[in-house]
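These are the residues of each chain, in order.
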Amino acid sequence: MKKKTILGKPLPNMPWQDKPKDSSEIMWRYDKNPVIGRRPIKDAGRIFNSAIIPYQGEFIGVFRADHNNGYPNLHLGRSKDGIHWQINEEIIKFHNEDGTPAKPIFYGYDPRLVEIDGSYYITWCNYFNGPTIGIARSQDFKTFVQLENAFLPYNRNGVLFPRKINGNYVMLNRPSDNGHTPFGDIYLSQSPDMTFWGKHRLVMKTSHNWWKNVKVGAGPIPIETTEGWLMIYHGVCMTCSGFIYSIGAALLDIDDPSQVLLDCEKYLLTPEELYETTGFVPNVTFPCATLHDADSGRIAIFYGAADTYCAIAFAQVDELIDYMKAHPNKPL
Ligand code: BMA
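Residue indices follow the written sequence of each chain, beginning from 1 at its first position. The model is predicted, so local features are restricted to residues of pLDDT at least 70 and side-chain atom pairs to those at 80 or more, both for listing and for counting; the totals for chains, interfaces and linings are taken over all residues. Computation of side-chain values covers all heavy atoms of the structure but excludes hydrogens and water.

Q: Help me understand the packing of aromatic side chains, please; the structure alone is not making it clear to me.
A: Here a ring pair, both rings aromatic, is described through the centre-centre distance and the interplanar angle of the planes. Aromatic rings from Phe, Tyr and Trp, with only the six-membered ring used for Trp, were paired whenever their centres fell within 6.5 Å, and each pair was classed as stacked if the ring planes differed by under 30 degrees, edge-to-face if by over 60, and tilted otherwise. Tallying each qualifying case throughout the model produces 24 aromatic pairs. For the pair Trp16 and Trp28, a centre-to-centre distance of 5.5 Å together with 80° between the ring planes defines the contact as edge-to-face. With Trp16 in the segment before β1 (28-29) and Trp28 in strand β1, this residue pair connects regions lying twelve residues apart in the sequence. Accessible area is worked out with a 1.4 Å probe on protein chains only. A residue is then buried under 20% of its type maximum, exposed over 50%, and partly exposed in between. Taking relative accessible area as the criterion, Trp28 reaches 3% and is therefore assigned buried. Geometrically, the ring pair formed by Tyr107 and Tyr127 is edge-to-face, given 5.4 Å between the ring centres and 70° between the ring planes. One end of the pair, Tyr107, is in the loop between β6 (94-95) and β7 (108-116); the other, Tyr127, is in strand β8 (residues 119-127), with 20 residues separating them in the sequence. Classification of Tyr107 by relative accessible area gives buried; the value is 12%. By the ring-pair criterion, three or more aromatic residues cluster together here, those being Tyr55, Phe94, Tyr120, Trp124, Phe141 and Phe144. Labels follow the DSSP assignment, with helices taken as runs of H or I lasting at least four residues and strands as runs of E lasting at least two, numbered in each case from the N terminus.

Q: Explanation requested: the environment of Leu202 in the structure shown.
A: Checked against the element boundaries, Leu202 lands in strand β14 (residues 198-204). It is 9.9 Å that separates the C-alpha atoms of Leu202 and Pro257, two residues lying 55 residues apart in sequence. Once you skip the residues sitting within four places of it in the chain, Leu202 turns out to touch Asp185, Ile186, Tyr187 and Ser258. Here a residue-residue contact requires only that any non-hydrogen atoms of the pair lie within 4.5 Å.

Next up, the structure:
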């Protein structure tokens, strides 16, 4: 029997397309990208940087929609195949833990979505006198309970692990500033109850590699593998015409994910296609979710393109990890 590298559930109905025969890429794009185009719903010009998971034999997602008033907010969407999405026109309404309606969020963006022990958690960049990490929980995607913000401002890219580690919930996050942050390293924080966060650890700093020498931020929910947690992330560099966001990957220790076992020195995907290089913010590929099948080792990466579109790329876990091992990052 073939060894299984991904420790997780089978997902035979996930989106997939074989690598083109003439391609040497480790992460290859869906040939019908982008899967969500401009003006996807009434009153929102763009949907991008969004999170999807399997749900009840189909797929569900939390989407970042940038509204015509200039503010981003969160919408629920459903799909039968993980590619074609029906996105609600109404924003997600949150309740407080006592069942009363929560104060509407001022803005919400870059959501992540994960199931932990039968509950679904959304984390997102939430206004709290500046951006920090908001958290909400749902059992059924009908009612959403907003929990306490995880951190003081300013913070972005809050990404939960899909299970508790050593008894605690664990969240990757990236302290930042109130604007287009010109710095950023990945930390992790731990919580016994999803309310009080502490035991903060530094995970990964920017590196000398020019594609990620300005900031790094966690992307999709880490994937548990026999080789460690596979953390797909974005790496950013600065050019004369602005930031460039590429996609990279690292392996973290299973029991202590603040320890980087292996970081790939090369990016796996960088803006090249027109829908990545041209849009509201050019040259951005920003991964927020994966779908993966433990039986076949297939991974579909759901990423935002140019702050305008949603797109999909694919990778095969063993090929990806072999590539990472062949190209480990080295200190200068
Ligand atoms: C970051 C976030 C992302 C965005 C990226 C590029 O700071 O705001 O939502 O995709 O900038 O504009």
